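Summary of structural features
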Amino acid sequence: MAEALKNIYNEAFIERLIFAIEQEYPLFDSEQFRVLFFEDGWEDLALKQRMRKITVVLKHSLPDDYEEALRILYKIAPQFSGLGGIIFPDYVEQYGLQNWEKSMHALAYFTEFSTSEFAVRPFLLKDPNRMLDQMLTWSTHSNEHIRRLASEGSRPRLPWGTAVPSIKEDPQQTLPILENLKNDESLYVRKSVANHLNDISYTHAHIVLKIAKEWSGKNKKTDWIIKHACRSLMKKGNREALALFGYADDSRITIDCLTLHPDAIQIGDSIQMTFELSSESTISVRVEYAIDYVKARGQRNRKVFMLKTAILKQGENHIISKTHHFKDLTTRKHYQGIHTLSIIVNGVVKAEKDFMVR
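Residues numbered from 1 in each chain as written. Predicted model: local features only at pLDDT ≥ 70, side-chain atom pairs only at ≥ 80, totals over all residues. Heavy atoms only, no water.

1. Notes on the sheet that holds strand β7 (residues 337-345)
Worth spelling out the cut-off: Strand pairing is assigned whenever DSSP identifies at least 2 bridges connecting the two strands. Numbering of helices and strands runs from the N terminus; a helix is a DSSP stretch of H or I covering at least four residues, while a strand is a stretch of E covering at least two.
On the basis of which strands lie adjacent, the open sheet formed by five strands has the order β2-β8-β7-β4-β5 and mixed pairing. What marks the edges here is a single partner per strand, and that holds for β2 (264-265) and β5 (300-312). Looking at chain direction, strand β4 (residues 283-294) and β7 are connected through six bridges and run antiparallel. Pairing of Glu288 across the sheet is with Ile344, part of β7.

Structure, rendered in structure tokens:
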């Protein structure tokens, strides 16, 4: 079993942090730091709770002066790359809202070693126009991590991030940032642009479709971005998005011999689907399957899964087989009842079959 993500903040991490601070701040009380962090119950804290506890204990242990505390954190942050390093931008988020200029410099600096995408959100809430102007400036920065921060930090539906209602309601505010980044040399940045546009598509599909049409065919970089940006629209069967990428609703595409084995399973088991895919003409196909899951109160909820994309030649028969697992996960719990499996080609359900989960 994979180790819980929260355990990036373990005793070894705290000792590394203590040692790093001691090298830069002779007045640091390392024993007090240990006592404050490892008091009763720290093992039960989730990832972000552990992160926030470190931030609070840092506030108790570093100089009261914000700029002096930042000077120390600047020195040690390069030693803590990756997700664990979000304690440094979190310090800015918690204690730097009243010191805008120093905090902007700190967020840009710390994001190079970890990410400041979560820490920028309170600044967007406090002064959205000023923060968006800052992000527009960051979008032209020479460092890819800072350019990505401009896009990722302003996403309308940033996972784990504090919601910013003004951006959700009017995502056009962030489009100048994305315009600056649409041809970015960094795939890391382009992925963020695609995810940002995908966020917008949930509530403002027309904006994303308009951008997709404007950017389409300009170069490989923007083509990659818009295809990933439209992935949720295509999963939902949006005809405009599917047509943009050549996935036409064609009656000549057929699904035959859909079988499920077994046709009744226990929670924790797997089910195998097999079917034949063919077409009377050569056509691009996007093949997905959906499962209508039974929920706790008996209602059903559809989840769509990708199978493959291909160019299906006239008269060819493709036999496709896929195993799907019904183990309970932290993100999905299964319930007994009749479920439905659907095979979807180019956004259209071509075949479906019921099966029992006991």
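2. Considerations on the pairing of β4
Note the following rule: Only protein chains enter the accessibility calculation, which uses a 1.4 Å probe; a residue is then buried when its area is under 20% of its type maximum, exposed when over 50%, and partly exposed in between.
Of all the 12 residues making up β4, 11 are buried; the element is thus mostly covered by neighbouring parts of the structure. The sheet contact formed by β4 and β5 spans 12 bridges and is antiparallel. If you follow Ala290 over to β5, its bridge partner there is Val304. Counted between consecutive antiparallel strands, the loop separating β4 from β5 contains five residues, among which Gly298 sits at a positive phi close to 95 degrees.

3. Observations concerning the sheet that holds strand β3 (residues 270-279)
For clarity, the cut-off: Angles here are taken between N-to-C directions and fall from 0 to 180 degrees, while the axes themselves are lines fitted to C-alpha atoms, restricted in helices to the stretch in contact.
Ordered by their spatial adjacency, three strands build an open sheet running β1-β3-β6, and the pairing between neighbours is antiparallel. On the outer flanks of this sheet lie β1 (253-261) and β6 (317-325), each paired with one strand and no other. The mean angle between the axes of side-by-side strands here comes to 20 degrees, regardless of whether they run parallel or antiparallel. Alignment of β3 against β6, held across nine bridges, turns out to be antiparallel. Paired with Ser270 across the strands is His325, a residue of β6.

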